[in-house]
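Commentary on secondary and tertiary structure
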Amino acid sequence: MFETALTLNDLWFLAKGAGMTLAVTAVSVAAGTAMGVIFGVIRAQFGPFWSAPLTFVLDIFRSVPLLIQLVLANAFQAIAKFGWEPFTTSCVVLSLYTAAYCTEIVRGGIDAVPVTTRRAARSLGLTWAQDMRYIVAPLATRVSLPAWIGLTLGVMKDSALVLWLGLTELLKSSQILVTRLQEPLFILLICGAIYFLISFPIARLGGYLERRWSPND
Amino acid sequence: MIEIENLRKSFGALQVLKGINLTVANGEVVTIIGGSGSGKSTLLTCINGLEAIDGGSIKIDGVEVHAKATDINKLRQNVGIVFQQWNAFPHLTVLEDVMLAPRKVLGVAKHQAEEIATKHLVHVGLGDKIGVYPSRLSGGQQQRMAIARALAMQPKYMLFDEVTSALDPQLVGEVLDTLKMLATEGMTMICVTHEMAFAREVSNRVAFFHQGVVAEIGSPDQIFGSPQNPETQKFLSGVR
Ligand SMILES: Nc1ncnc2c1ncn2[C@@H]1O[C@H](COP(=O)(O)OP(=O)(O)O)[C@@H](O)[C@H]1O
Ligand SMILES: [Mg+2]
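Every chain is numbered on its own, with residues counted from 1 as its sequence reads. Labels are handed out in written order, letters beginning with A for the chains and numbers beginning with 1 for the ligands. In view of the model being predicted, local features appear only for residues whose pLDDT reaches at least 70, and side-chain atom pairs are presented and counted only at 80 or more, with totals across whole chains, interfaces and linings using the full set of residues. The basis for the side-chain values is all heavy atoms of the structure; hydrogens and waters are excluded.

Turning to the overall build of chain B, a few remarks are in order. Think of it this way: any DSSP run of H or I at least four residues long counts as a helix, any run of E at least two long counts as a strand, and we number them from the N terminus. A count of helical and extended segments in chain B gives 9 helices and 10 strands. What the globule rule says is 2.2 Å times the number of residues to the power 0.38, and the radius of gyration is computed from C-alpha atoms. By the compact-globule yardstick of 18 Å for 240 residues, chain B fits well, its C-alpha radius of gyration being 18 Å. Its C-alpha atoms put chain B at 55 × 45 × 30 Å along the principal axes. Relative accessible area decides the class of each residue, using a 1.4 Å probe on protein chains only: under 20% of the type maximum gives buried, over 50% gives exposed, and in between gives partly exposed. Taken across its 240 residues, chain B has 55% of its residues classed as buried. All accessibility values rest on the Shrake-Rupley procedure with a 1.4 Å probe; residue burial counts only the protein chains present in the view. Total accessible area computed for chain B in this model is approximately 9800 Å², and 48% of it derives from carbon and sulfur atoms.

The following block contains the structure:
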């Protein structure tokens, strides 16, 4: 009833594209989150005045369209003779992009922990680091989780833009198949379904953690 | 012994403490009374080193709290403080909350910390609340938990800042009873309070704060019976 020229091989080709999407996303979210946590702590700790230079730089990464960042970064690394692979350039740009958003999420989470709660912790003799580790981190994580999940899903979709640097990720694989097979709707449907399949567990994980934590609050 | 000498503290242009002198001997219970904004809370947070000071000194067992060389976290182990607003850690159960500081600050082993925490929770009457999260506790129970948490560090000194002011009236009694129990056991305490009957009952001395100075200090009988300072008289006639 439904004729398609799509073969198992083509599906495998799409799966490899999805693998690339996952790899770029995983590296960028991991590195971006690590940086975001550090920058977020700096922003929360030193206040708006002293962290203004950091905020300014991160604002650039948040406001310039990702595609422009990717193309500029790629050109820059070529001029500077870094010799980066497109994968490396993509991950660097996406990591900074993620870090810029993650910084705000982390700062918001830290600021949401009441000063009085932290004071109570310090009054017991906990050091600043212990307060951060045992009181602020768990409470801020709870507050930040929904936004962080949203960021991760966003980065996953935005990572499609790395195809402009010549990386064959999920969307690019689909485009190649569309060009070859001339079945755009069907292939894009499958491509969309794969995006959904990867995103769904992440979204559910967020929901699960939120439910697990909420009865305590 | 807590020795406060000519303590001065400002927030920006606002001078809150204008030369406080107060000595609290071991085993003594000193209550501080006085109008809102007279600097009572500020004094307690300075004693615990949570606030920097602008002049004078606070010595605890001879160690200057605000000296650069002082290990403030070590010093705080000896000086428990409980605030007006209870500050339970919402992600920890009552037991975990009370265990945290003994484990992380004193480095006590887990089972031992559990023992210590349980002992103090039972002491303040929360033996049956050990596994629950603070959101399931009433204000009075949270406040008693905060007391147990401070006590679990086995401090020599306890500072209480209006610990019953934010409580519903019917919960005040249980917390005051806990404080009275500590006083009877010989804990050295500084209590800021608006509960005059309580102050009269437990205090060795009562200090009346007015505009950042100790306007009058003496035995409860003297302060409540025959206050000398007109400001004290005015304040006491106001609260009665
Ligand atoms: N962190 C702060 N920053 C600025 N002003 C403060 C701060 N804490 C207290 N104050 C001011 O200091 C004065 C004394 O406050 P406080 O010690 O809380 O008084 P009390 O506990 O006797 O009511 C008040 O006028 C208050 O507004
Ligand atoms: Mg106060």
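Now, onward.
Turning to the side chain of Q77 of chain A, a few remarks are in order. Tracing the backbone through its elements, the reader meets Q77 of chain A in helix α3 (residues 66–79). Sequence-distant contacts of Q77 of chain A, defined by excluding residues within four places in its chain, comprise F82, G83, W84 and T89 of chain A. Contact definition: two residues touch when any of their heavy atoms are within 4.5 Å.

What follows covers the nonpolar core. Residues and elements named next belong to chain B. To form a nonpolar core, buried Ala, Val, Leu, Ile, Met, Phe, Trp, Tyr and Cys residues must be joined to one another through side-chain atoms within 4.5 Å. By size, the foremost hydrophobic cluster in this structure holds 64 residues, and its most contacted members are I4, L7, I20, L43 and I47. Setting aside chain neighbours within four positions, we find I47 in contact with I2, I4, I58, I60, V65, V79, L159 and I190. I147, F160, M189 and F198 belong to the second largest nonpolar core, which has 38 residues in total.

Residues and elements named next belong to chain B. If you walk across this open sheet you meet the 4 strands as β2-β1-β4-β5, and the pairing is antiparallel. Edge positions in the sheet fall to β2 (14–24) and β5 (63–64), since each of these pairs with one other strand and no more. Sheet topology note: the strand β1 (residues 2–11)/β2 ladder contains 8 bridges and is antiparallel. Among the inter-strand pairings, L7 is bridged to a residue of β2, identified as I20. All axes are obtained by fitting lines to C-alpha atoms, using only the stretch in contact for helices, and the reported angles, taken between N-to-C directions, cover 0 to 180 degrees. Against the sheet, helix α1 (residues 40–47) contacts β1, β2 and β4 (55–60), and its axis sits at roughly 120° relative to β1. A pair of strands is labelled paired if DSSP reports no fewer than 2 bridges between them.

What follows covers the environment of S237 of chain B. All names here are of chain B. Structurally, S237 is set in helix α9 (residues 230–239). With a relative accessible area of 52%, S237 lands in the exposed category. Two N or O atoms count as a polar contact when they lie within 3.5 Å, although within protein this holds only if one can serve as hydrogen donor and the other as acceptor, and sequence-adjacent residues are included solely when both atoms are side-chain atoms. Among the polar contacts made by the side chain of S237, one reaches the main-chain carbonyl oxygen of K234 at a distance of 2.9 Å.

Residues and elements named next belong to chain A. Their axes nearest at 7 Å, the elements helix α1 (residues 8–50) and helix α7 (residues 170–181) cross at an angle of 155°. In terms of axis orientation, α1 runs roughly antiparallel to α7. Contacts between α1 and α7 involve D10, F13, L14, G17, A18 and T21 from the first element and L170, S173, S174, I176, L177, R180 and L181 from the second. Each residue gets one label: Ala, Val, Leu, Ile, Met, Phe, Trp, Tyr, Cys and Pro are nonpolar, Asp, Glu, Lys and Arg are charged, and the others, such as Gly, are polar. Partitioning the contact of α1 with α7 into residue classes produces 7 nonpolar, 4 polar and 2 charged. What sets the label is the angle itself: under 35 degrees gives roughly parallel, over 145 gives roughly antiparallel, 65 to 115 gives roughly perpendicular, and the rest give oblique.

Moving on, we get to the site of ligand 1. All names here are of chain B. Nearness here has a simple test: a residue counts as near a molecule or strand if at least one of its heavy atoms is within 4 Å of that partner. Close contacts around ligand 1 come from F11, L14, V16, G35, S36, G37, S38, G39, K40, S41 and T42, and that covers them all. One of the backbone nitrogen or oxygen atoms of G39 is found 3.0 Å away from an oxygen atom of ligand 1. The fraction of the free accessible surface of ligand 1 (560 Å²) that becomes covered by protein chains is 58%. Only β2 and α1 provide two or more residues apiece to the shell around ligand 1. It is α1 that provides the largest number of residues to the shell around ligand 1, a total of 3 residues. Considering only residue class, the shell around ligand 1 consists of 3 nonpolar, 7 polar and 1 charged.

Bringing helix α5 (residues 139–151) of chain B into the picture now. Over its 13 residues, α5 of chain B extends 18 Å from the first C-alpha to the last, a length consistent with the 18 Å expected when each residue adds 1.5 Å. Buried residues dominate α5 of chain B, accounting for 13 of its 13 residues. For a helix, the expected span equals 1.5 Å multiplied by the residue count minus one.

Let us now look at the sheet that holds strand β9 (residues 205–210) of chain B. For sheets, the rule is that strands pair by backbone hydrogen bonds, running either parallel or antiparallel. All names here are of chain B. Strands sit in the order β6-β7-β8-β3-β9-β10 across an open sheet of 6 strands; the sheet is mixed. Because the sheet does not close on itself, it has two edges, and the strands there are β6 (79–82) and β10 (213–218). Adjacent strand axes in the sheet meet at a mean angle of 20°, parallel and antiparallel pairs treated alike. Here strand β3 (residues 29–34) pairs with β9 via 5 bridges, running parallel. In the sheet register, G34 faces β9, and the bridge partner there is F209. Sheet strands in contact with α1 are β3, β6, β7 (157–161), β8 (188–192) and β9, and its direction is about 150° off that of β7. Its contacts with the sheet place α9 against β3, β9 and β10, and it is angled at close to 95° to β9.

What makes a salt bridge here is a side-chain nitrogen of Lys or Arg within 4 Å of a carboxyl oxygen of Asp or Glu, nothing more. Evaluated as defined, the whole model comprises 15 salt bridges over all chains. Salt-bridge contacts for R180 of chain A lead to D10 of chain A; the nearest nitrogen and oxygen are separated by 2.8 Å. Residue R180 of chain A is located in helix α7, and its partner D10 of chain A is located in helix α1; the two are separated by 170 residues in the primary sequence. Assessed through its relative accessible area of 6%, D10 of chain A is described here as buried. For K180 of chain B, the salt bridge identified is with E201 of chain B, shortest N-O distance 3.5 Å. Of this pair, K180 of chain B sits in helix α6 (residues 169–184) while E201 of chain B sits in helix α7 (residues 196–202); the two residues are 21 residues apart in sequence, bridging distant segments of the chain. Residues joined in a network through salt bridges with shared partners are R43, E104, R107 and D111 of chain A.

Residue and element names in this part refer to chain A. Whenever a pair of cysteine sulfur atoms sits within 2.5 Å, that pair is classed as a disulfide. Under the counting rule described, the total for this entry stands at 0 disulfides over all chains. Not engaged in a disulfide, the cysteine C102 finds its nearest cysteine sulfur in C91; these two sulfurs lie 16 Å apart. Residue class for C102 comes out buried when judged on its relative accessible area of 1%.

Residues shown with low pLDDT carry predicted positions that ought not to be read at fine detail. For every residue, the predictor states its confidence as a pLDDT score lying anywhere from 0 to 100. Taken residue by residue, chain A gives an average pLDDT of 93. The fraction at 70 or more is 98%. Predicted confidence in chain A is weakest over helix α8 (residues 184–213) of chain A, with a mean pLDDT of 91, and strongest over helix α4 (residues 86–111) of chain A, with 96.

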